[in-house]
Amino acid sequence: MPRLVPAVLRAADILELFLDEQVRLSAAEIAERLDLPRSTTHELLTTLVARRYLDRQAGDETVFRLGPKVLELGARYQQRLEFGVEADAVARQVAAQCGETVHVAVLDGLEVVYVSKIDSTHSVRLISAVGRRLPANCTAVGKVLLAGLSRDEVNRRLKGHKLVGLTEHSVTARPELLAQLDAVRVMGVAHERSESNPDAGCVAAPVVDSRGEWVAAMSISIPTSRHTAEAWKQWEKLVREGAAELSGRLGGRAPDLS
């Protein structure tokens, strides 16, 4: 059982009181409902107001209501839900065109997290899953997402970390990885062949939000048995188009590298 922090639990309890129909509550009401000492309640409320999770309204009796920071968090959560729906929809379109497995991933530190996956229609397909994590340096989506960061930010994340390899073809030398990221920034697309799976390769392109940031990456993953030079060109075209479509749905625009 993980150890929970009492002060954080109490702050969460206060915020969750506003899930009921009560829009405004006084400090006395909050203390009574949660069986908290008045002094503790005052400290928690002062902190939540300072961080804008609550608003204080003065009158005959000072009352509290939810603050703008809660709205910001809720909007970001809703945006995340909408992103998943849109990612699935576009990935499904791309998969229908190429018949191969399509993924959408986001970056978490030096790892990628897969948030969408549409399976190949072929009998020989890749085994993966939404929620799976892989080292970013071993994947095409990871190279795209790292390339979306500045060189200084990449170096900051790499500092003190040893690059993990998944196959004999994985890029684990920092200078080689940085050179590849520079190329991805220029080309707007990344490839990997047998770097995360000895029997597969991927091509990926960036998904760009309204601020111009590379917030996700879309990839087409293909078993090596179906690799041909002509097919790679087609997959690259399709993944660029798919990433651009998803970018447009997010209010962004894929980089023009024509």
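Residues numbered from 1 in each chain as written. Predicted model: local features only at pLDDT ≥ 70, side-chain atom pairs only at ≥ 80, totals over all residues. Heavy atoms only, no water.

- The name given to the protein in an unreviewed UniProt entry is DNA-binding IclR family transcriptional regulator, with Amycolatopsis thermophila as the source organism.

**A look at the nonpolar core**
In step 1: Of all hydrophobic cores here, the largest spans 27 residues; its most connected members are Val94, Val102, Val104, Met218, Ile220, Trp235 and Leu246.
In step 2: Secondary structure elements with two or more residues in this core: helix 4 (68-98), strand 4 (101-108), strand 5 (111-118), strand 8 (200-208), strand 9 (214-223) and helix 8 (229-249).
In step 3: Not counting the four nearest positions on each side in its chain, isoleucine 220 is found in contact with Val94, Cys98, Glu100, Thr101, Val102, Gly201, Cys202, Val203, Trp235, Leu238 and Val239.
In step 4: Val112, Val144, Leu146 and Val184 belong to the second-largest nonpolar core, a separate cluster that totals 26 residues. (Core = buried A, V, L, I, M, F, W, Y, C linked by side-chain atoms within 4.5 Å. Buried < 20%, exposed > 50% of the residue type's maximum accessible area, 1.4 Å probe, protein only. Helix = DSSP H or I, 4+ residues; strand = E, 2+ residues; numbered from the N terminus. Contact = heavy atoms within 4.5 Å.)

**A look at the packing of aromatic side chains**
In step 1: A full pass over the atoms with the stated rule returns 1 aromatic pair.
In step 2: With a centroid separation of 5.5 Å and an interplanar angle of 80°, the aromatic rings of tryptophan 232 and tryptophan 235 are classed as edge-to-face. Residue tryptophan 232 and its partner tryptophan 235 are located together in helix 8, separated by 3 residues, close to a single helical turn. Judged on exposure class, the residue tryptophan 232 and its partner tryptophan 235 are both buried. (Phe/Tyr/Trp six-rings, centres within 6.5 Å; stacked < 30°, edge-to-face > 60°.)

**Regarding the state of the cysteines**
In step 1: Counted under the stated rule, the structure contains 0 disulfides.
In step 2: Residue cysteine 138 stays outside any disulfide, its sulfur separated by 11 Å from that of cysteine 202, the closest cysteine.
In step 3: Judged by relative accessible area, which is 0%, cysteine 138 ranks as buried.
In step 4: Cysteine 202 carries a free sulfur, and the closest cysteine sulfur to it, the one in cysteine 98, is 11 Å from it. (Disulfide = S-S within 2.5 Å.)

**Structural notes on the sheet that holds strand 7 (residues 190-193)**
In step 1: Across the sheet, which stays open at both edges, the 6 strands sit in the order 6-5-4-9-8-7 with antiparallel pairing between neighbours. The outermost strands of the open sheet, each flanked by one partner alone, are strand 6 (133-135) and strand 7. Looking at each pair of strands side by side, their axes are set apart by 30° on average, direction ignored.
In step 2: Taken together, the 3 bridges between strand 5 and strand 6 define a ladder with antiparallel strand orientation. Bridge assignment links valine 113 to a residue of strand 6, and that residue is arginine 133. (Pairing = 2+ DSSP bridges. Axes fitted to C-alpha atoms, helices over the stretch in contact; angles between N-to-C directions.)

**Digging into helix 7 (residues 174-187)**
In step 1: For helix 7, which comprises 14 residues, the first-to-last C-alpha distance of 20 Å matches the rise-based estimate of 20 Å (1.5 Å per residue) to within 8%.
In step 2: When helix 7 is considered as a whole, its buried residues turn out to be Leu177, Leu178, Leu181 and Val184. Buried residues of helix 7, seen end-on, are gathered within an arc of 115° and therefore sit on one face of the element. Counted as exposed and oriented over 90 degrees from the buried face of helix 7: Pro175 and Val186.
In step 3: In the stretch just after helix 7, glycine 188 is the one whose phi turns positive, near 75°. (Expected span 1.5 Å × (residues − 1). Arc of directions from axis to C-beta.)

**Quick word on the pattern of salt bridges**
In step 1: Taken as a whole, this structure holds 17 salt bridges when the rule is applied.
In step 2: Between arginine 133 and glutamate 111 there is a salt bridge, with the nearest N and O atoms lying 3.0 Å from each other. With arginine 133 in strand 6 and glutamate 111 in strand 5, the pair connects residues that are 22 residues apart, well separated along the chain.
In step 3: Overall, glutamate 111 belongs to the partly exposed group, its relative accessible area being 34%.
In step 4: The partner of arginine 240 in a salt bridge is glutamate 236, with the nearest N and O atoms 3.4 Å apart. Of this pair, arginine 240 and glutamate 236 both sit in helix 8, 4 residues apart, which is roughly one turn of that helix.
In step 5: Judged by relative accessible area, which is 27%, arginine 240 ranks as partly exposed.
In step 6: Overlapping salt bridges bring together Arg52, Lys69 and Glu72 as one network. (Salt bridge = Lys/Arg side-chain N within 4 Å of Asp/Glu carboxyl O.)

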